[in-house]
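Survey of secondary and tertiary structure
Take a look at the letters that make up each chain.
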Amino acid sequence: MAAGALFLLIGGAALLAAAPSTASATRTVHLMIHFSHFDLPSLAVQPGETVRFVITNTDPIDHEFIVGDAEVQLRHENGTEPSHGLRPGEVSVPAGTTQETMYTFPTTPVPTLEFACHLPGHYAYGMHGPITIG
């Protein structure tokens, strides 16, 4: 998928709408998926920071990477979207590939933010981590 396509649409969820699609990343975070776990247990960001996520899936199975609040995570846990890549902070990561997404974090307090994979059973297995703003 062309990286430019990731920047063309702004997500419909209120939190995702805060992410301007043309923002420049202030930091790049590399994540590795191995044995159905992210190698990053948690993430700290600054208010308004734009992060470029580069996710490498070394597993022989597909995964996804979703950044969002509890509402976003619940929507994905319920399986309403089979693939990702058109919204900031949401990307499908097929087996053996590296994918990218960008996300601009809100400047106002958000109760809970996390990154997660919601393919069947993956969240329960531990594929998620908290994001702290501040």
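Here goes a summary of the coordinates provided. (Residues numbered from 1 in each chain as written. Predicted model: local features only at pLDDT ≥ 70, side-chain atom pairs only at ≥ 80, totals over all residues. Heavy atoms only, no water.)

1. With respect to the pattern of salt bridges
Let me state the cut-off plainly: Any carboxyl oxygen of Asp or Glu within 4 Å of a side-chain nitrogen of Lys or Arg constitutes a salt bridge here. A helix here means a DSSP run of H or I that spans at least four residues, while a strand means a run of E at least two residues long, and both kinds are numbered starting from the N terminus. Exposure categories follow from relative accessible area, calculated using a 1.4 Å probe and restricted to protein chains: below 20% of the type maximum is buried, above 50% is exposed, and the middle band is partly exposed.
Summed over the entire model, instances satisfying the criterion amount to four salt bridges. Here E100 makes a salt bridge to R52, at a shortest N to O gap of 3.0 Å. Taken together, the residues E100 in strand β7 (residues 98–104) and R52 in strand β4 (residues 50–57) connect sequence positions 48 residues apart. Here R52 falls in the partly exposed class, since its relative accessible area comes to 26%. Shared partners join several salt bridges into a network, and the residues in it are R75, R87 and E90.

2. Concerning the side chain of T101
Applicable threshold: Any N or O atom pair separated by 3.5 Å or less is treated as a polar contact, with the protein-specific requirement of one donor-capable and one acceptor-capable atom, and with residues adjacent in sequence counted only for side-chain atom pairs.
With respect to the helices and strands, T101 occurs in strand β7. On the basis of relative accessibility, which here comes to 2%, the residue T101 falls in the buried class. Among the polar contacts listed, one links the side chain of T101 to the backbone nitrogen of G89, at a separation of 2.9 Å.

3. A word on the sheet that holds strand β5 (residues 63–68)
Short version of the rule: Pairing between strands requires that DSSP locate at least two bridges from one strand to the other. For helices, the fitted axis covers only the stretch in contact; all axes are lines through C-alpha atoms, and the angles between them, taken along N-to-C directions, range from 0 to 180 degrees. Residue contacts are counted whenever heavy atoms from the two residues lie within 4.5 Å of one another.
A sheet is described by the order of its strands in space; here five strands give the open sequence β3-β9-β8-β5-β6, paired in mixed fashion. In this open sheet, the two edge strands, each paired with only one partner strand, are β3 (43–45) and β6 (90–93). Pairs of neighbouring strands in the sheet enclose a mean axial angle of 20°, with direction left out of account. Summarising the sheet, β5 and β6 pair through four bridges and their orientation is antiparallel. Residue E64 lies in a different strand from β6, and its bridge partner there is S92. Packing against the sheet, helix α2 (residues 70–77) makes contact with β5, β6 and β8 (113–116), and its axis sits at approximately 155° to β5.

4. Some points on the sheet that holds strand β1 (residues 27–34)
Within the open sheet, the four strands sit side by side as β2-β1-β4-β7. Their pairing is mixed. At either margin of the open sheet sits one strand with a lone partner, and together these are β2 (37–38) and β7. With two bridges connecting them, β1 and β2 associate as antiparallel partners. Bridge pairing in β2 links H34 to H37.

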